[in-house]
Structure formats: structure tokens, C-alpha cells
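What follows is each chain in one-letter form.
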Amino acid sequence: MAAPRRLNIFLLVAVVQIAFANLSACENDKIISLDLKHLDHHVDSPLHDAHTTFAERIHSAVKRSQARASAFKSIVGAGVTPRGLNFDSTIELSTKATSFQSPVSAAPGGYIMSISIGTPPQTRTAIADTGSDLVWLQCAPCSVCYQQPDPLFDPRQSSTYKKIRYFSSLCGELPQVSYNWGYCTYRYGYGDQSTTQGDFALDTLTLSATDGSTQTVPNFAFGCGKRNQGTFSGTDGLVGLGRGAISFNEQIGSLIGSKFSYCLVDAFSSATETSPLILGDAAESTGNSLNAMIKYTPLIRNPAADTFYYVKLNGILVNNRPVSGIRSSDFTLNVLTGQGGVILDSGTTITQLIQSAYIPLLTKLQSLIQYSQIDSSQIGLDLCYDLSGVASPTFPSVTFQFQGVDLVLPANNLFLQIDDQGTTCLALAGTSDFTIIGNIQQQNHYFLYDVANERVGIAPVDSCSNVRIIDASEGSAKDEL
């Protein structure tokens, strides 16, 4: 059906506020925490393979991180993301790139989470992604779907499911839409040319509190994917945790005070360990309860890529001394062109440093480390050592100096023992144009995203698996971590 001329309606904030107006204050006091599970390591992940070695996992992570950085570069280079563009929904999906691509590979190599949508709730497993906005699940009936372990989400089994109208402000927040008998059909592409297409709809989101109770959020907008293709890792969909208006966290922003936090367990953790994703005031009270004081760095907006969490990095220290050749301008975001800057991203595994900073850092570390350097081409990392005969290896300290926060990296946040033979590699890589702080460098640190106040809090912990979630009412408590 031909698409009528789109109206420019900008009422999304009001719509979201109305949707949550009936949530009571006592509901807001509940602690809502979700489990993040590593995509290729946790036993519940569809990609888990008990026979995969750690070296193989790292090699895959290197390739995924490089692909993700390339996708970021592509979308930032394209400039401001258009909204509400029409597409012909009768044309079958192809492997060609669409006019909009989210700046992320569909299989980001990060974490998965559970999400419950519908009445009664249908619980599914989806990729958790801080680099995109849309929340979507594969839906029945499906014309083009990849294989997933769980049943498809079935909107016919939900009494609260309803399609979103084409002329609604929510429909206008999508990059590509099509008029389908008065309703909103979407197409959403990813950096590796994977795509999802289907009905943009509203349904009830169910969140679980730590006391075992549940909390329902009506009129949650998500994509009911009917044509999906690409590398979505066999999961049931994807949960966008970016800064856009239709992301998971922004839609429930009034409920959680636009605050969430996570603490990522380290790469050597058990395959059954999970990382907490905490929503709401408990995220802040938990951060304030840590032994190490949580310190904040400002969030920066990039008009060319408003999904991303940009922060300001001023410099890098090695053994508490500035690295010669690294300038603060290496990390500056040009808000006019969208180029440069530093992005916090849980979906990138290996931190990607801009080359102008990476090369001096690599050179400095090589000059200070006296162990036997070995060929690392098979692993995909630039600096590896043979530590097979070293009982207690030591490495220089490295500090990322964010504005207001020093992120001091312990050895296992910087160097990874790849195999049983003692091969140990620097978990950093170089890239062009910008810097991405990946999840290896974030592990065993508490990250609090206080989006309402445009800041991110960071604090080190001994072990993310031991973090005790603190209710806002007991926020003055202190726990030994």
C-alpha cells in the first residue's frame, strides 16, 4: 500500500511519560537486577562450546572487535542518522546494505540477557548491546527467520499486544519505516549487513525484582521481527541499551530514573558466573556502598552517532608517568564532524585505541617488559610474550585518565594468558579515527550510567561476582568486596 506523507510529530517524551504515570512510588523502591551472561562462554549461551579453548575465544573476540570498530567507523562517517525514511516492504531482504545501519555487528561478542514481553510473559534470550537502540524479538508467523533454540515470540498468545500506528511519534523514531494499512513496519540494519524487519508494536514488559516479585511496564515498544537474517548468534533477538529514545533503558527511563549499572566478571570466570545489570536507584546506592569511592566522568553527545556513550579521555599513564607522544587531542571528539572521541562499549571485547595513541603506548610497554616476545600473528594481537618459565610475572601499570576519573588497569585487565604454555598477550589493538573502551578493560569495575545527569561513574572492585546489590534505603551501608 502506498505510503502517505509522513507528519512531523515529536511527542515521544510525553508518550513515554504517560505510559509510566501509573507506576507507584512503592514499585520504584524494588530492586530490579538482570543477569548478563557472556555470549560465547556462559553455559546458557547458544554459542557456548565446552571444547573451545581460551585461545580460540580470544582469537574470535579479536576478529569481532575489529569488525565492530569498522562498523562504528562506517556509521559515524555517514553523519547524522535520518529518522522516519520510507522503504518498500514488498521488496525481499538482500545482502546489500540498507540506507541505515546501526553501528554494531549483529553478533557483538558481548553479553546476553533474558527479556519477558507479553501477557502472559514470554521469556526469551537476547543480545544485550550498548551500541544500538532497537529492542526486537523473532516473531511468529515468520517468513524469513534464522534458527533459534527457543520458540518464536507469538503475539497471538499475548492479550496486550498491539501494533503501533504509522503516524505515531514512536514510528517516527525508527530509521526506516513503511506504511502497512495504517500500521508501522520497520527495517533495521546492522554494521555487518544483518537486518531485522517486521511490525513495530507495543506490549507489556515484565521485570523481575530481587525479592522475587515482578513489575509490569505497559506499552513497551519493540520490533516483532518477521524477516530476519544475519549473524545473531542463535539468540532470540537483541536488546538495545544505547542512548536513543527507543532503547530498553530510555523507554523505562522514568521508572529507573535513567540510571543503570553493570559490573563485568573477568574473562577467566566460571562458565556459570553472571554479571549484574542493575536498574534504577539501586544502581546508584550500590555504587555508593563500594569500598572504593565511585567517581564520575561526563557523558558527551555526538550528533553524528547519538546512540553511543562518549566520554572524555585526557591521557594514558604507564607506571604513573605520561606516555611520550600521546596527546589529549588524540582523544578529542569533533562535534561538528562527528570524528574522533572515546566510546564506552560493553559489546567490544578488545579495546581499540586510536593509532596515534596506540603506537606510543605499545612502544613504551615493549621497552619496559623484558620477557621473551613471541610471534602473535596467529592470535591477532600485536604484543605477546612467552611466560612459560616465569613463576610470578609482573607488568607495568597502565592508567586511562578520564576527566574526573583515573581507570587504573590491573594486570589481568591488560594482559591475558592465552594458553597453558604461558603465552600472554596485551589485550589492546589499534584502530583509526576514534577509541573504543572494551569489556576486558572494564571487567571488575563498577560502571554506573547516570544518563539523566549526563555522567558515568566508575569504581574498581575486587570481584564483580561478589558485589552486593544495595537498596536505596540502605545506601549508607558499606560492604567489603
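Residues numbered from 1 in each chain as written. Predicted model: local features only at pLDDT ≥ 70, side-chain atom pairs only at ≥ 80, totals over all residues. Heavy atoms only, no water.

### Regarding the state of the cysteines
Line of reasoning, step 1. Scanning the entire structure with this criterion turns up five disulfides.
Line of reasoning, step 2. Bridging Cys142 to Cys145, the disulfide has an S-S length of 1.7 Å. Because the sign of the S-S torsion sets the handedness, a value of about 90° for the bond joining Cys142 and Cys145 places this disulfide among the right-handed ones.
Line of reasoning, step 3. Judged by relative accessible area, Cys145 falls into the partly exposed class, the value being 29%.
Line of reasoning, step 4. With a sulfur-sulfur separation of 2.0 Å, Cys263 is cross-linked through a disulfide to Cys464. Here Cys263 and Cys464 share a disulfide; its torsion about the S-S bond, -70°, makes the bridge left-handed. Of this pair, Cys263 sits in strand S12 (residues 259-263) while Cys464 sits in the segment after strand S29 (455-460), placing them 201 residues apart in sequence.
Line of reasoning, step 5. Residue class for Cys263 comes out buried when judged on its relative accessible area of 0%.
Line of reasoning, step 6. Cysteine pairing in the chain follows 1-6, 2-3, 4-5, 7-10, 8-9, where each cysteine in a disulfide is numbered by its order in the sequence. (Disulfide = S-S within 2.5 Å. Buried < 20%, exposed > 50% of the residue type's maximum accessible area, 1.4 Å probe, protein only. Helix = DSSP H or I, 4+ residues; strand = E, 2+ residues; numbered from the N terminus.)

### A closer look at the environment of Leu416
Line of reasoning, step 1. Topologically, Leu416 is positioned in strand S24 (residues 415-417).
Line of reasoning, step 2. Leu416 sits in the buried class, given a relative accessible area of 0%.
Line of reasoning, step 3. Separated by 358 residues in sequence, Leu416 and Ile58 have C-alpha atoms that sit 9.0 Å apart.

### Details of the nonpolar core
Line of reasoning, step 1. The biggest cluster of nonpolar side chains holds 71 residues, and the ones touching the most others in it are Phe248, Ile252 and Phe402.
Line of reasoning, step 2. A per-element tally of this core places helix H8 (residues 355-368) first, with five residues.
Line of reasoning, step 3. Split by domain, this core shows at least three residues from each of two domains, domain 1 (107-255) and domain 2 (286-466).
Line of reasoning, step 4. Once residues lying within four places of it in the same chain are set aside, the contact partners of Phe248 are Leu34, Ile115, Asp133, Val135, Leu205, Leu207, Phe220, Val239, Gly240, Leu241 and Leu279.
Line of reasoning, step 5. One finds Tyr166, Tyr179, Cys184 and Ala221 within the second-largest nonpolar core, a separate group that totals 21 residues. (Core = buried A, V, L, I, M, F, W, Y, C linked by side-chain atoms within 4.5 Å. Domains from an automatic or database assignment. Contact = heavy atoms within 4.5 Å.)

### Brief notes about the UniProt feature "active site" (unreviewed entry) in the chain
Line of reasoning, step 1. UniProt annotation of "active site" (unreviewed entry) refers to Asp129 and Asp345 when read in the numbering used here. These annotated residues cover 217 residues of sequence, but their C-alpha atoms sit close together, with the largest distance between any two at 8.3 Å.
Line of reasoning, step 2. With respect to the element layout, Asp129 can be found in strand S4 (residues 122-129).
Line of reasoning, step 3. A distance of 3.0 Å separates the side chain of Asp129 from the backbone nitrogen of Gly131, its partner in a polar contact.
Line of reasoning, step 4. Ignoring sequence-local partners within four residues, the contact set of Asp345 consists of Arg68, Phe72, Thr130, Gly131, Ile436, Ile437, Gly438, Asn439 and Gln442. (UniProt positions renumbered as here; feature names shortened; annotations may be inferred. Polar contact = N/O pair within 3.5 Å; in protein donor to acceptor, adjacent residues only side chain to side chain.)

### Topic: helix H7 (residues 281-288)
Line of reasoning, step 1. All of the buried residues along H7 are Ala282, Ala283, Ser285, Thr286 and Gly287.
Line of reasoning, step 2. Packing partners of the buried residues in H7 comprise S12, strand S13 (275-279) and strand S28 (445-450).

### Here we look at the packing of aromatic side chains
Line of reasoning, step 1. Summed over the entire model, instances satisfying the criterion amount to 14 aromatic pairs.
Line of reasoning, step 2. Judged by centre distance (6.3 Å) and plane angle (70°), the rings of Phe260 and Tyr309 are edge-to-face. Of the two residues, Phe260 sits in strand S12 while Tyr309 sits in strand S15 (residues 309-311), which places them 49 residues apart along the sequence.
Line of reasoning, step 3. Phe260 sits in the buried class, given a relative accessible area of 2%.
Line of reasoning, step 4. Measuring from ring centre to ring centre gives 5.5 Å for Tyr262 and Tyr449, while their planes differ by 40°; the resulting arrangement is tilted. In this pair, Tyr262 sits in strand S12 while Tyr449 sits in strand S28, placing the two residues 187 residues apart along the sequence.
Line of reasoning, step 5. Given a relative accessible area of 2%, Tyr262 falls into the buried group.
Line of reasoning, step 6. Taken together, the ring pairs in this structure connect Phe260, Tyr262, Tyr309, Phe447 and Tyr449 into an aromatic cluster. (Phe/Tyr/Trp six-rings, centres within 6.5 Å; stacked < 30°, edge-to-face > 60°.)

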